[in-house]
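Examination of the molecular architecture
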Amino acid sequence: ASSASRAYITNAANQYGGTWNDDSAIPKSPTDQQVAVEAQRAVKHFGYDANGIYVIATAHKHSESGFGPHWCSYHNLSSYESKSLIYDNIPYMPDAGKLCGAKIIDPPSDESAIDEGVTILAGHEYGEVITDPFFLNNAAWIGPGGEIGDACAWHNIANETFGKKTY
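Residues numbered from 1 in each chain as written. Predicted model: local features only at pLDDT ≥ 70, side-chain atom pairs only at ≥ 80, totals over all residues. Heavy atoms only, no water.

Right, let's talk about the overall build of the protein for a bit. A count of helices and strands for the protein gives three helices and seven strands. When the helices and strands of the protein are placed in sequence order, the string is α-β-β-β-α-β-β-α-β-β. The buried share of the protein, reckoned over its 167 residues, is 32%. Across the protein, contacts joining residues at least 24 apart in sequence account for 62% of those joining residues at least 6 apart. For the protein, the accessible area works out to roughly 10800 Å², and carbon and sulfur atoms hold 52% of it. (Helix = DSSP H or I, 4+ residues; strand = E, 2+ residues; numbered from the N terminus. Buried < 20%, exposed > 50% of the residue type's maximum accessible area, 1.4 Å probe, protein only. Contact = heavy atoms within 4.5 Å. Areas by Shrake-Rupley, 256 points an atom, 1.4 Å probe, with all protein chains shown as cover.)

Below is the structure:
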C-alpha cells in the first residue's frame, strides 16, 4: 500500500532575488526601450543571472502607452554585456481597473481586491517566459489564443488554498 503525502509550494533557494526601489526619475509614459534600460539597471544592482527574470514594476500613473485598453503586462528580451536579458513590464495594475484584473475575484482575507491583477498578470508573464524564454516562436508553446498565458487569460480565475494560506 502506498502512503499519500502532501507537498506544499515553497520558495526554492534563490528563486526570489529581492526588490529594489530605483529612485531615478520615471518618465510619465515610458517606452519599451526605457523599460529595457531599467532592466539593465536592475542587473547592475542585483548582478546578472542567466536564468533570471527581471521584473520592472512601474509606479502609479507611469505606464507605457497602450496599458489598459490594449495590454496589461508583457515580457521582452534585451541584452546586458552581450548576454540575454529577459524582463517583464508589470505596470501599476490598479491604474487600469477591471481591464487588468482589479476586483475580478474576491481576494484572500489579507489582500485588497483592487490589486488582484498584480499576481494574476505577474504569474501570466512568468509562465510565458518559462515556456518561451528567448521568444523563439517555433520553440515556444503557441496554441489557440497565442502563448500559454494568453490562451488561458481571464478563464477560471480563482484563489486556491494551500495549507493554511490562500493564493
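From this point, the discussion proceeds with the structure in view.
Quick look at the sheet that holds strand β2 (residues 74-80) now. Strand order in this open sheet of three strands is β1-β3-β2, and the pairing throughout is mixed. Either end of the sheet is taken by a strand with one partner, and the two such strands are β1 (53-57) and β2. Averaged over all neighbouring strand pairs, the angle between strand axes comes to 35°, with direction disregarded. Summarising the sheet, β2 and strand β3 (residues 83-90) pair through seven bridges and their orientation is antiparallel. The partner of Tyr74 across the bridge, within β3, is Asn89. Packing of helix α1 (residues 32-46) onto the sheet brings it into contact with β1, β2 and β3, and relative to β2 it is tilted by some 60°. (Pairing = 2+ DSSP bridges. Axes fitted to C-alpha atoms, helices over the stretch in contact; angles between N-to-C directions.)

Now for the nonpolar core. In terms of nonpolar packing, the biggest core is built from 19 residues, with Ala39, Tyr54, Phe67, Leu85, Tyr87, Met93 and Cys100 touching the most fellow members. When residues of this core are traced back to their parent elements, those giving at least two are α1, β1, β2 and β3. A total of five residues in this core trace back to one element, the largest contributor, which is α1. Discounting chain neighbours no more than four positions away, the residues touching Tyr54 are Ala39, Ala42, Val43, Gly47, Tyr48, Asp49, Leu85, Ile86, Tyr87 and Asp88. (Core = buried A, V, L, I, M, F, W, Y, C linked by side-chain atoms within 4.5 Å.)

Before going further, it helps to spend a moment on the packing of aromatic side chains. All told, the structure shown has three aromatic pairs when counted by the stated rule. Taken together, a centroid distance of 5.1 Å and an interplanar angle of 70° make the contact between Trp71 and Tyr74 edge-to-face. Classification of Trp71 by relative accessible area gives buried; the value is 18%. Members of the aromatic cluster, joined through ring pairs, are Phe67, Trp71 and Tyr74. (Phe/Tyr/Trp six-rings, centres within 6.5 Å; stacked < 30°, edge-to-face > 60°.)

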